[in-house]
Amino acid sequence: MATTDRQATTLALAHALSAAERGLAVIPLSRTKLPALRSPHRDDPTTPLCHGECGHFGHGVYDASTDPARIRELFAAAPWATGYGIACGLPPHHLIGIDLDTKSGTDSSAALRELALRHLFTIPDTVVVLTPSGGRHLWLSGPPDVVVPNSAGRLAPGIDIRGAGGYLVGPGSRTEYGVYSTAPGTAHLAPAACPPALLRLLLPPPRTHHPTPPSTGGHGQGLVQFVLAAHEGQRNTRLFWAACRAYEDGIGPDLVEPFVEAALNTGLNEREARATIASAARMTGHQP
């Protein structure tokens, strides 16, 4: 098994370096599809927001690089890695991932075709990655001045979007679910430009701005910023922690709407956000 893992890590590194040659920034992933390197700040949630300024690895997509030397250092620090993630939203491709899932029991491919007919766009020929569960990842390129957020099921049931702050499992990665591979005939393609009509659907609708109430002071604003800075894999955790601190400090009710808006900006839906905040209220002995 150890030999098999070493071979998987060697292959993952080779695939990651190949992706980097195409301008795709990468990080090592474990068999669970999560970043292989854990945060150096994981035991102290009060640590100021860090995107790697501390000089250590373990900051998720903020570790992503196209530099071969840095990529080798990342994999050397995570010899258990068997896959790699490709950071979305970064130049030169500003990658957008359309994740067509099969586990939800819905026909996500049919849902995308229906959206294309309704909104008059066509998915161009582009890179398609086949997932072990039978799903597909479509790679599209976004404009450099547009930030596409991550979302789950907002476009349609079974369709998740990987945008800025998110990542896609790269082809050649081996996970506990199986191996990711490029669909035949698409490996040589570059990510195609996202159709404008689809791009409009991927952007969240304008929302009414709920400024942080003055009574909450700088601490309340800091908690909202803490939630806004969350990336995939830590959104609920950060929201729950911040909401607990807010209720403990007596400003929880005033921060409910700013927290919800911040959570929506990170890719959570409103139901998830409000449920997490309500759990924090109950955990701290307050009425949601």
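Residues numbered from 1 in each chain as written. Predicted model: local features only at pLDDT ≥ 70, side-chain atom pairs only at ≥ 80, totals over all residues. Heavy atoms only, no water.

Undergrad: Any chance you could explain the overall build of the protein chain here in plain terms?
TA: Looking only at helices and strands, the protein chain features 8 helices and 12 strands. Its C-alpha atoms give the protein chain principal-axis dimensions of roughly 55 × 50 × 35 Å. By element, 56% of the accessible surface of the protein chain is carried by carbon and sulfur atoms, the whole surface being about 14100 Å². (Helix = DSSP H or I, 4+ residues; strand = E, 2+ residues; numbered from the N terminus. Areas by Shrake-Rupley, 256 points an atom, 1.4 Å probe, with all protein chains shown as cover.)

Undergrad: Any chance you could explain the state of the cysteines here in plain terms?
TA: For the structure on display, the rule yields 0 disulfides. Of the cysteine sulfurs around cysteine 88, a residue in no disulfide, the closest is that of cysteine 194, at 12 Å. (Disulfide = S-S within 2.5 Å.)

Undergrad: Sorry if this is basic, but what is going on with unusual backbone geometry here?
TA: In most cases, non-glycine residues show a negative phi, while peptide bonds are predominantly trans. Note the cis peptide between proline 91 and proline 92, where omega equals 5°. By the element assignment, proline 92 lies in the loop between strand 2 (83-87) and strand 3 (95-100). The phi dihedral of histidine 94 falls on the positive side, at around 50°, and the residue is not glycine. Position of histidine 94 among the secondary structure elements: in the loop between strand 2 and strand 3. If you check the backbone angles, leucine 120 has positive phi at about 60° while not being a glycine. Tracing the sequence through the fold places leucine 120 in the loop between helix 3 (108-119) and strand 4 (128-130). According to the relative accessible area criterion, leucine 120 is exposed, its value standing at 76%. (Buried < 20%, exposed > 50% of the residue type's maximum accessible area, 1.4 Å probe, protein only.)

Undergrad: Looking at this structure, I do not really get the packing of aromatic side chains. What am I missing?
TA: For any pair of aromatic rings, the description consists of the separation of the ring centres together with the inter-plane angle of the planes. For the coordinates displayed, the defined rule picks out 1 aromatic pair. Positioned above the aromatic ring of phenylalanine 226, the side-chain terminus of arginine 238 is 4.2 Å from the ring centre. (Phe/Tyr/Trp six-rings, centres within 6.5 Å; stacked < 30°, edge-to-face > 60°. Lys NZ or Arg CZ within 6 Å of the ring centre and 35° of its normal.)

Undergrad: What is the right way to read the pairing of strand 1 (residues 26-29) from this model?
TA: Note on strand geometry: in a regular strand, side chains alternate between the two faces of the sheet. Residues of strand 1 alternate between two faces, with Val26 and Pro28 on one and Ile27 and Leu29 on the opposite face, all of them buried. With 4 bridges connecting them, strand 1 and strand 2 associate as antiparallel partners. Bridge assignment links isoleucine 27 to a residue of strand 2, and that residue is glycine 85. (Pairing = 2+ DSSP bridges.)

Undergrad: How should I be thinking about the nonpolar core in this particular structure?
TA: Generally speaking, nonpolar side chains in soluble globular proteins are found buried as a group. By size, the foremost hydrophobic cluster in this structure holds 33 residues, and its most contacted members are Val26, Ile71, Phe75, Tyr84, Ile86, Leu95 and Trp139. Look past the residues within four positions of isoleucine 71 in its chain and what remains in contact with it is Leu13, Ala16, Leu17, Ala20, Val26, Ser65 and Thr66. By size, the runner-up hydrophobic cluster in this structure holds 23 residues, among which are Leu223, Val224, Leu239 and Ala242. (Core = buried A, V, L, I, M, F, W, Y, C linked by side-chain atoms within 4.5 Å. Contact = heavy atoms within 4.5 Å.)

Undergrad: Help me understand the side chain of aspartate 101 in this model?
TA: Examined against the element boundaries, aspartate 101 turns out to sit in the loop between strand 3 and helix 3. A relative accessible area of 15% means that aspartate 101 is categorised as buried. Residues contacting aspartate 101, with those up to four places away along its chain left out, are Thr106, Ser108, Ser133 and Gly158.

Undergrad: Even after reading the chapter, I still don't get helix 6 (residues 235-248), so can you show me in this structure?
TA: Owing to its 3.6 residues per turn, the α-helix brings residues three or four apart onto one side. Relative to the 20 Å expected for 14 residues at 1.5 Å per residue, helix 6 spans 20 Å between its end C-alpha atoms, a close match to the ideal helical length. Those residues of helix 6 not exposed but buried are Arg235, Arg238, Leu239, Trp241, Ala242, Ala243, Cys244, Ala246 and Tyr247. (Expected span 1.5 Å × (residues − 1).)

Undergrad: Help me out: how do you make sense of the packing of helix 6 against helix 7 (residues 252-266) in this one?
TA: Helix-helix packing is described using two parameters, namely the angle between the two axes and the distance between the axes. Here helix 6 crosses helix 7 at 170°, and the two axes come no closer than 10 Å. Between helix 6 and helix 7, the angle falls in the class roughly antiparallel. The crossing of helix 6 and helix 7 is right-handed. Contacts between helix 6 and helix 7 involve Arg235, Leu239, Ala242, Ala243, Ala246 and Tyr247 from the former and Gly252, Pro253, Leu255, Val256, Phe259, Ala263 and Thr266 from the latter. For the contact of helix 6 with helix 7, the per-class residue count stands at 10 nonpolar, 2 polar and 1 charged. (Axes fitted to C-alpha atoms, helices over the stretch in contact; angles between N-to-C directions. Parallel < 35°, antiparallel > 145°, perpendicular 65-115°, else oblique. Left-handed = near helix turned anticlockwise from the far one by under 90°. Nonpolar A, V, L, I, M, F, W, Y, C, P; charged D, E, K, R; others polar.)

Undergrad: Sorry, what's going on with the packing of helix 6 against helix 8 (residues 270-283) here?
TA: The geometry of helix 6 relative to helix 8 is characterised by a closest axis approach of 8 Å and an angle of 40° between their N-to-C directions. Accordingly, the angle class assigned to the pair helix 6 and helix 8 is oblique. Judged by the sense of rotation from one axis to the other, the crossing of helix 6 with helix 8 is right-handed. Residues Asn236, Leu239, Phe240, Ala243, Cys244 and Tyr247 of helix 6 form the contact with helix 8, whose participating residues are Glu272, Ala273, Thr276, Ile277, Ser279, Ala280, Ala281 and Met283.

Undergrad: Would you mind going over the side chain of threonine 186 with me for this structure?
TA: Within the element layout of this structure, threonine 186 appears in the loop between strand 11 (181-182) and strand 12 (192-193). Setting aside its immediate chain neighbours within four residues, threonine 186 contacts Thr126, Val127 and Val128.

Undergrad: Would you explain the pattern of salt bridges in this entry?
TA: Opposite charge on two side chains permits them to pair, given that their charged atoms come into close proximity. Under the criterion given, the structure shown has 6 salt bridges. With its nearest N and O atoms 3.0 Å apart, the salt bridge here joins glutamate 257 to arginine 274. Note that glutamate 257 is positioned in helix 7 and arginine 274 in helix 8, a separation of 17 residues in sequence. Classification of arginine 274 as partly exposed rests on a relative accessible area of 31%. Residue arginine 274 is joined to glutamate 270 by a salt bridge in which the shortest nitrogen-to-oxygen separation is 3.0 Å. (Salt bridge = Lys/Arg side-chain N within 4 Å of Asp/Glu carboxyl O.)

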